[in-house]
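Observations on the model geometry
Below, each chain spelled out in residue letters.
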Amino acid sequence: MSEPSPKDSSKSPTFKSLLVDDYERVTDARLQETCSGFGARVCPKVGLKEVLPIEGSGLPSEHFR
């Protein structure tokens, strides 16, 4: 496995990247490549509150922040 390059020239000047360093970008690229063959998709840094329902869980809302 090769080391990630120090700079990513594909960064958009308009949007902030969710991936903070080259290792996260390399990992994401490899996961995307692998998963695409199975019709799957990787969504990095998705909060649990985006996936799990808060209403009716029995836990206080501050636990979901």
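Here the structure is a predicted model, which is why all the values come from computation and not from measurement. The written sequence of each chain sets the order in which its residues are numbered from 1. With the structure being a predicted model, the display of local features is reserved for residues of pLDDT at least 70 and the display and counting of side-chain atom pairs for 80 or more, all residues being used for whole-chain, interface and lining totals. As a rule here, side-chain values come from all non-hydrogen atoms in the structure, and water together with hydrogens is ignored.

Where helices and strands are cited, they refer to DSSP runs of H or I of at least four residues and of E of at least two residues respectively, numbered from the N terminus. When its secondary structure is counted, the protein chain shows 2 helices and 0 strands. Should any heavy atoms of two residues lie within 4.5 Å, those residues are counted as being in contact. Across the protein chain, the fraction of contacts at a sequence separation of at least 24, relative to all contacts at a separation of at least 6, is 20%. Values of accessible area rely on a 1.4 Å probe in the Shrake-Rupley scheme; residue burial ignores everything except the protein chains shown. Accessible surface for the protein chain amounts to roughly 5,900 Å². Of this, 58% is attributable to carbon and sulfur atoms.

This part is about a nonpolar patch on the surface. Patch rule: a residue counts if its relative accessible area is over 30% and it has no salt bridge; like charges are joined within 9 Å, and nonpolar side chains (Val, Leu, Ile, Met, Phe, Trp, Tyr) within 5 Å. In what follows, salt bridge is the name for a side-chain nitrogen of Lys or Arg lying within 4 Å of a carboxyl oxygen of Asp or Glu. A cluster of nonpolar side chains, Val46, Leu48, Val51 and Leu52, forms an exposed patch at the surface whose accessible area comes to about 390 Å². With respect to the secondary-structure elements, leucine 48 resides in helix 2 (residues 48-51).

A full pass over the atoms with the stated rule returns 1 salt bridge. Of the charged contacts, one joins aspartate 22 and arginine 25 as a salt bridge, the two residues approaching to 2.9 Å between their closest N and O atoms. Taken as a pair, aspartate 22 and arginine 25 lie in helix 1 (residues 22-36) at a separation of 3 residues, close to a single helical turn. Neither residue differs from the other here; aspartate 22 and arginine 25 are each classed as buried. Note on exposure labels: buried denotes an accessible area under 20% of the residue type's maximum, exposed denotes more than 50%, and partly exposed covers the range between, all computed with a 1.4 Å probe on protein chains only.

The next thing to look at is helix 1. Expected span of a helix, by definition, is 1.5 Å for each gap between consecutive residues, and there is one gap fewer than residues. Taking 1.5 Å of rise per residue, the 15 residues of helix 1 would be expected to cover 21 Å, and the 21 Å separating its terminal C-alpha atoms lies within 8% of that figure. All of the buried residues along helix 1 are Asp22, Arg25, Asp28 and Cys35. Buried residues in helix 1, looked at end-on, bunch into an arc of 165 degrees, giving them a common side. Seen from the open side of helix 1, the exposed residues pointing more than 90 degrees away from its buried face are Tyr23 and Glu33. Polar contacts here mean pairs of N or O atoms no more than 3.5 Å apart (in protein, one a potential hydrogen donor and the other a potential acceptor; neighbouring residues in sequence count only if both atoms are side-chain atoms). N-cap assignment for helix 1: the residue whose side-chain oxygen lies 3.1 Å from the backbone N of tyrosine 23 is aspartate 21. What the arc covers is the set of directions going from the helix axis to the C-beta atoms.

It is worth spelling out the side chain of aspartate 22 at this point. Overall, the relative accessible area of 15% leaves aspartate 22 in the buried class. Within polar-contact distance, the side chain of aspartate 22 engages the side chain of arginine 25 at 2.9 Å.

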